[in-house]
Amino acid sequence: MALVSVRDYEKRAHEIIPRNALDYYRSGAGDELSLALNRTGFDRLRIRPRMLQGGSTRDLSCTVFGERFAMPIAISPTAMQRMAHPEGEVANARAAASRQVLFTLSTISTSSIEEVATATPNAPKWFQLYIYRDRQLTEELVRRAERAGFRAIVLTVDAPLFGLRRADMRNKFSLPPHLTMANFVGKAASIRSQGGSGINEYIAEQLDPTLSWDDVKWLLGFTNLPVIVKGILTREDAIIAADLGVQGIFVSNHGARQLDSVPASIEALPEIAAAVGGRVEIFLDGGITQGTDVFKALALGARMVFFGRPALWGLAVNGQAGVEHVLDILRNELDLTMALAGCKTLADIRKEYVVHENYYSKL
């Protein structure tokens, strides 16, 4: 069967990836209500297309923090990518570089900061940061990212502990023995089940559960890179973050893997964009599977839209080429959506182009 959509790649990847890794990648927290919402949240939005707008081509390029990208689609940080393909994060980063889009490396990656930097020396990359109990270790991660040429720090703030991930508990998830957390040595480099989910046990032991806004101030105080806080779902937290001086807010529910029953990222986006969109850059991930999703997120206030799982599916199916094809699919779908909706540039995609389905029940 020809692979012509992200869904096609997902189905094929589910046949390839070993169960331990697949369940880790695809599962959500609790009863997975929010995991379903990440999809249905987009489905409940309607595009209001405008006709006869003229123009035979579209400009999908965008600028973030002074850097120009080929399109407003980027790759989110996802952990342990060599479980999906032997080249893991290196292949994913190379795919992003080849398509002139942004790649974000996870702290708990199976390829190191330096490996990814060497593989994509001139390509823009961001580094996702967890704050460890060992603050010296945490600061050194940031310094390594700075030295390696990463362009921003994405601080995950919604994971002082990992959520209730039942699939990992049932599988007693462990990182395959031939892989390690490549950014670490010693105990911090290993994820082995002690009877439950190995990743939850690792996080409980290594990360600081007392994470607070003071830690955001601490990070802002010693790095000159832009700081983006990832995991914001309310206007209240968005305002606090903007007041502290962060340069970006990542509207995200962590792939619905932390607290179940939280809103879909796309549901939370409008209130956050309205509260601080004029002060900081707004990004979104969660539930992106097609170009219409990207269009909807841009209309509701996102500057750039990120995805994680689709890149893993592409990676599992065909390595770097698979991720490149996933990016091409999304680009072509966004371009077609813009053409049929009457938008020639990203600036044309305004909030009046997208409404909730209830809009039509009130007419």
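Bear in mind that the values here come from a model prediction, so they are computed numbers and not experimental data.

With that out of the way, let us pick up the overall build of the chain. What the chain contains, in helices and strands, is 14 helices and twelve strands. Taken over the C-alpha trace, the chain has a radius of gyration of 19 Å; the compact-globule value for 363 residues is 21 Å, and the two agree within 12%. Along the three orthogonal principal directions, the C-alpha set of the chain runs to about 60 × 50 × 40 Å. Scored against the burial criterion, the 363 residues of the chain give a buried share of 56%. Long-range contacts, defined here as pairs at least 24 residues apart, represent 72% of the contacts in the chain between residues at least 6 apart. Carbon and sulfur atoms make up 51% of the accessible area of the chain, which totals about 14,700 Å². Charged side chains in the chain number 41 positive and 40 negative. The centres of these two groups are separated by 3 Å.

It is worth spelling out the UniProt feature "binding site: FMN" (unreviewed entry) in the chain at this point. Mapped onto this structure's residue numbering, the UniProt feature "binding site: FMN" (unreviewed entry) falls at P77, T78, A79, S106, Q128, Y130, T156, K230, S252, G308 and R309. For T156, the position within the fold is in strand 7 (residues 152-156). Classification of T156 by relative accessible area gives buried; the value is 4%. S252 has contacts with D158, K230, G231, I232, L233, S265 and D285, leaving out every residue within four places of it along the chain. Here K230 takes part through its side chain, which lies 3.3 Å from a polar atom of the side chain of S252.

Here strand 11 (residues 304-307) shows two buried faces, one formed by M304 and F306 and the other by V305 and F307. Here strand 4 (residues 73-75) runs beside strand 11; their pairing, made up of three bridges, is parallel. Directly across from I75, in strand 11, lies its bridge partner F307. Looking at chain direction, strand 10 (residues 281-285) and strand 11 are connected through three bridges and run parallel. Counterpart to D285 in the pairing with strand 11 is F306. The parallel pair strand 10 and strand 11, bridged by helix 12 (residues 291-299), forms a crossover whose chirality is right-handed.

On to the nonpolar core, then. In terms of nonpolar packing, the biggest core is built from 123 residues, with M80, I249 and L284 touching the most fellow members. The biggest single contributor to this core is helix 13 (residues 309-341), with 14 residues. With near-sequence residues (within four places) excluded, M80 lies in contact with Y24, Y25, E89, I108, S109, T110, F173, L175, M181, I191 and I199.

There is a patch of nonpolar side chains on the surface, built from Y359, Y360 and L363 and spanning about 340 Å² of accessible area. Along the polypeptide, Y360 turns up in helix 14 (residues 358-361). With relative accessibility at 38%, the residue Y360 sits in the partly exposed group.

Our focus in this paragraph is the packing of helix 4 (residues 88-98) against helix 13. The geometry of helix 4 relative to helix 13 is characterised by a closest axis approach of 8 Å and an angle of 15° between their N-to-C directions. One finds that helix 4 runs roughly parallel with respect to helix 13. The two elements helix 4 and helix 13 meet at a crossing, and its hand is left-handed. Residues G88, A91, N92, R94, A95, A96 and S98 of helix 4 form the contact with helix 13, whose own contacting residues are A311, L315, G319, Q320, V323, E324 and L327. The residue inventory of the contact of helix 4 with helix 13, partitioned by class, reads seven nonpolar, five polar and two charged.

So, about unusual backbone geometry. One non-glycine residue, E32, adopts positive backbone phi at about 65°. Within the secondary structure layout, E32 lies in the loop between helix 2 (19-26) and helix 3 (33-43). With a phi close to 55°, L52 is a non-glycine residue in the positive phi region. For L52, a relative accessible area of 87% corresponds to the exposed category.

Burial of strand 8 (residues 227-232) is extensive: six of the six residues sit out of reach of the surface. Pairing between strand 7 and strand 8: four bridges, direction parallel. Following the sheet pairing, I153 is matched in strand 8 by V227. Following the backbone out of strand 8, through helix 10 (residues 235-244) and into the adjacent parallel strand 9 (residues 248-251), one traces a crossover that is right-handed.

For the rest of this paragraph, the subject is the pattern of salt bridges. Overall, the coordinates contain 23 salt bridges when judged by the stated rule. In this structure, R58 and D335 form a salt bridge, with 3.0 Å as the shortest nitrogen-oxygen distance. One end of the pair, R58, is in the loop between strand 1 (45-47) and strand 2 (62-64); the other, D335, is in helix 13, with 277 residues separating them in the sequence. R58 sits in the partly exposed class, given a relative accessible area of 23%. D335 sits in the partly exposed class, given a relative accessible area of 22%. Of the charged contacts in the structure, one is a salt bridge between E146 and R143, with a shortest N-O distance of 3.0 Å. Of this pair, E146 and R143 are both found in helix 6 (residues 135-147), three residues apart, which corresponds to roughly one turn of the helix. Exposure remark for E146: the relative accessible area of 25% places this residue in the partly exposed category. The structure contains a network of salt bridges with shared partners spanning R19, D23 and R26.

Cut-offs and rules
Residues numbered from 1 in each chain as written. Predicted model: local features only at pLDDT ≥ 70, side-chain atom pairs only at ≥ 80, totals over all residues. Heavy atoms only, no water. Helix = DSSP H or I, 4+ residues; strand = E, 2+ residues; numbered from the N terminus. Rg over C-alpha atoms; globule rule 2.2 N^0.38 Å. Buried < 20%, exposed > 50% of the residue type's maximum accessible area, 1.4 Å probe, protein only. Contact = heavy atoms within 4.5 Å. Areas by Shrake-Rupley, 256 points an atom, 1.4 Å probe, with all protein chains shown as cover. Lys, Arg positive; Asp, Glu negative; His and termini not counted. Charge placed at Lys NZ, Arg CZ, Asp CG, Glu CD. UniProt positions renumbered as here; feature names shortened; annotations may be inferred. Polar contact = N/O pair within 3.5 Å; in protein donor to acceptor, adjacent residues only side chain to side chain. Pairing = 2+ DSSP bridges. Right-handed = clockwise from strand over helix to strand, strands pointing away. Core = buried A, V, L, I, M, F, W, Y, C linked by side-chain atoms within 4.5 Å. Patch = residues over 30% accessible without salt bridge, like charges linked within 9 Å, V, L, I, M, F, W, Y side chains within 5 Å. Salt bridge = Lys/Arg side-chain N within 4 Å of Asp/Glu carboxyl O. Axes fitted to C-alpha atoms, helices over the stretch in contact; angles between N-to-C directions. Parallel < 35°, antiparallel > 145°, perpendicular 65-115°, else oblique. Left-handed = near helix turned anticlockwise from the far one by under 90°. Nonpolar A, V, L, I, M, F, W, Y, C, P; charged D, E, K, R; others polar.

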